[in-house]
Amino acid sequence: MTTDAAVAFSGVTKKYGDVTAVDGLSLELHPGETVALLGPNGAGKSTTLDLLLGLRPADSGDVRVFGTSPRDAIVRGRVGAMLQSGGLMDEVTVRELVQLACSLHPRPYRAEDVLTRAGIAQIADRKVNKLSGGQEQRVRFALATAGDSDLIVLDEPTTGMDVTARHAFWATMREQADQGRTVLFATHYLEEADAIADRVLVLHRGRLLADGTAAEIKAKAGARKVSFDLDGTIDEAAVRGLPFLTSVDISGQTVRIQSTDADATVHALYGLGVYPRNLEVAGLGLEQAFVAITSAEEAAEEANAA
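Everything quoted here is computed from the prediction, not taken from an experiment. (Residues numbered from 1 in each chain as written. Predicted model: local features only at pLDDT ≥ 70, side-chain atom pairs only at ≥ 80, totals over all residues. Heavy atoms only, no water.)

**Quick look at the overall build of the protein**
Right, on to step 1. Per the secondary structure count, the protein includes eleven helices and 13 strands.
Right, on to step 2. C-alpha extents for the protein along the principal axes are approximately 75 × 45 × 35 Å.
Right, on to step 3. Expressed as a percentage of its 306 residues, the buried residues of the protein come to 46%.
Right, on to step 4. Long-range contacts, defined here as pairs at least 24 residues apart, represent 67% of the contacts in the protein between residues at least 6 apart.
Right, on to step 5. Summed over all atoms, the accessible surface of the protein reaches about 14,600 Å², with 49% contributed by carbon and sulfur.
Right, on to step 6. Across the protein, the centroid of the 30 positively charged side chains sits 5 Å from that of the 42 negatively charged ones. (Helix = DSSP H or I, 4+ residues; strand = E, 2+ residues; numbered from the N terminus. Buried < 20%, exposed > 50% of the residue type's maximum accessible area, 1.4 Å probe, protein only. Contact = heavy atoms within 4.5 Å. Areas by Shrake-Rupley, 256 points an atom, 1.4 Å probe, with all protein chains shown as cover. Lys, Arg positive; Asp, Glu negative; His and termini not counted. Charge placed at Lys NZ, Arg CZ, Asp CG, Glu CD.)

Here it is in structure tokens:
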């Protein structure tokens, strides 16, 4: 564990009865990093964030935030959080709620500046219970950034936002990271992780399955996408019998496959005596890589259990 880590998990385990939500997790986050936390449902993302924020105690291992306990870091105003759980106060205006958050922060910003940065100045006098889902998310973001925090934790931050609001939100978060803050966000929008994150963490059944840049995560999947069109009747059995395939999708005359050796697969395709049109070979996107990595892990676990 390095002394300059913004966040450090060391052998952390958390169980709920017989279910292990976090399983010996060790990782470090550093100042200025923008980190995406990915994983399928039940992977342990929410529990990991709860442990980081001191909302739940670890059964074993140690969680440190800027070298102290999560609770101490939060009391000192070093952490801002935007969570899915928990509602907003209803019979108050957006401005009143943001002013309250600013007044409680040890290192507060001006409420008007917070409203502007979150893109909600124009709805500042609206009652919170009159907001749309996307507007509520932006209010939660304002509360998370009401003061000069060094770590910002975001759980599914852009849920309910339209495309314009999402772009504006991430532009603001890039500014936060450029100022040296650490940004950790959990998301199901993998294109956001691909475009925004300096680093991607993939959790699976409470364990850290992959840790690297988006490009490194894609390379770890070890597969490429191959797509092409075929004229006439497609011999599905022959296509599915091509070597090194990890997935096959046939829709009308279009075939989309994934292969761990695209060169050998394409060579075998021509060996079938067919002539593919519009042949394209490309690397996996982060979403396909994520699915490939987690599926491979599940297959390995099932094989070991058999």
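**Overview of a nonpolar patch on the surface**
Right, on to step 1. Nonpolar side chains collect at one region of the surface, where Tyr270, Tyr275, Leu279 and Val281 lie side by side and expose about 410 Å² of accessible area between them.
Right, on to step 2. Residue position: Tyr270 is located in helix H10 (residues 262–271).
Right, on to step 3. Given the relative accessible area of 40%, Tyr270 is considered partly exposed. (Patch = residues over 30% accessible without salt bridge, like charges linked within 9 Å, V, L, I, M, F, W, Y side chains within 5 Å. Salt bridge = Lys/Arg side-chain N within 4 Å of Asp/Glu carboxyl O.)

**Section: the packing of helix H8 (residues 214–221) against helix H11 (residues 286–305)**
Right, on to step 1. Where H8 meets H11, the closest approach of the two axes is 8 Å, and the angle between their N-to-C directions is 50°. Comparing their axes, H11 and H8 come out oblique. Seen from above, H8 lies across H11 with left-handed handedness. In this structure, H8 contributes Ala214, Ile217, Lys218, Lys220 and Ala221 to the contact, and H11 contributes Leu286, Ala289, Ala292 and Ile293.
Right, on to step 2. A per-class count over the contact of H8 with H11 returns seven nonpolar, no polar and two charged. (Axes fitted to C-alpha atoms, helices over the stretch in contact; angles between N-to-C directions. Parallel < 35°, antiparallel > 145°, perpendicular 65-115°, else oblique. Left-handed = near helix turned anticlockwise from the far one by under 90°. Nonpolar A, V, L, I, M, F, W, Y, C, P; charged D, E, K, R; others polar.)

**Some remarks on the packing of aromatic side chains**
Right, on to step 1. Evaluated as defined, the whole model comprises three aromatic pairs.
Right, on to step 2. Taken together, a centroid distance of 4.9 Å and an interplanar angle of 70° make the contact between Phe141 and Phe169 edge-to-face. Pair noted here: Phe141 is in helix H5 (residues 133–144) and Phe169 is in helix H6 (residues 163–178), with a separation of 28 residues, a long-range link.
Right, on to step 3. For Phe169, a relative accessible area of 4% puts it in the buried group.
Right, on to step 4. Here the aromatic rings of Phe169 and Trp170 are separated by 5.0 Å at their centres, their planes lie at 85°, and the arrangement is edge-to-face. Trp170 shares its class with Phe169; the two are buried. (Phe/Tyr/Trp six-rings, centres within 6.5 Å; stacked < 30°, edge-to-face > 60°.)

**Remarks on the nonpolar core**
Burial of nonpolar side chains together is a common tendency in soluble globular proteins.
Right, on to step 1. Formed by 51 residues in total, the largest nonpolar core has its most connected members in Val98 and Ile120.
Right, on to step 2. Each residue touching Val98, except ones within four places of it in the same chain, is listed here: Ala111, Val114, Leu115, Ile120, Ala142 and Leu143.
Right, on to step 3. Grouped together as the second largest cluster of nonpolar side chains are 27 residues, Ala43, Val65, Leu83 and Leu184 included. (Core = buried A, V, L, I, M, F, W, Y, C linked by side-chain atoms within 4.5 Å.)

**Quick look at the pattern of salt bridges**
Right, on to step 1. With the rule as written, the count across this model stands at 21 salt bridges.
Right, on to step 2. The closest approach of N and O atoms between Asp62 and Arg64, which form a salt bridge, is 4.0 Å.
Right, on to step 3. Accessibility expressed as a relative area gives 32% for Asp62, which makes it partly exposed.
Right, on to step 4. The salt bridge involving Arg78 is made with Asp150; its shortest N-O contact spans 2.7 Å. Taken together, the positions of Arg78 in the loop between helix H2 (70–75) and strand E5 (79–82) and Asp150 in the loop between H5 and strand E6 (151–155) put the pair 72 residues apart, joining distant regions of the chain.

**A closer look at the side chain of Thr145**
Right, on to step 1. Considering the arrangement of structural elements, one finds Thr145 in the loop between H5 and E6.
Right, on to step 2. In this structure Thr145 touches Tyr109, Val114, Arg117 and Ile152, once residues within four positions along its chain are discounted.

**A look at the sheet that holds E5**
Right, on to step 1. With mixed pairing, six strands are arranged side by side in an open sheet as E5-E6-E7-E3-E8-E9. Each edge of the open sheet is held by one strand with a lone partner, namely E5 and strand E9 (207–212). Recorded for the sheet is a direction-independent mean angle of 15° between the axes of neighbouring strands.
Right, on to step 2. Bridge count for strand E8 (residues 199–204) against E9 is five bridges, and the pairing is antiparallel. Bridge pairing links His204 to Arg207 in E9. (Pairing = 2+ DSSP bridges.)

**Quick notes on the sheet that holds strand E12 (residues 254–259)**
The strands making up a sheet are joined through hydrogen bonds of the backbone, oriented either antiparallel or parallel.
Right, on to step 1. If you trace the four strands from one edge of the open sheet to the other, you get E11-E12-E10-E13, paired in antiparallel fashion. Two strands lie at the open edges of the sheet, namely strand E11 (245–251) and strand E13 (277–283), each paired on one side alone. Along the sheet, successive strands turn relative to each other by an average axial angle of 10°, direction set aside.
Right, on to step 2. Examined bridge by bridge, strand E10 (residues 224–229) and E12 share six bridges and lie antiparallel to one another. Note on E12: the bridge partner recorded for Ser227 is Arg256.

Everything listed here is a matter of geometry and, on its own, says nothing about what the molecule does.
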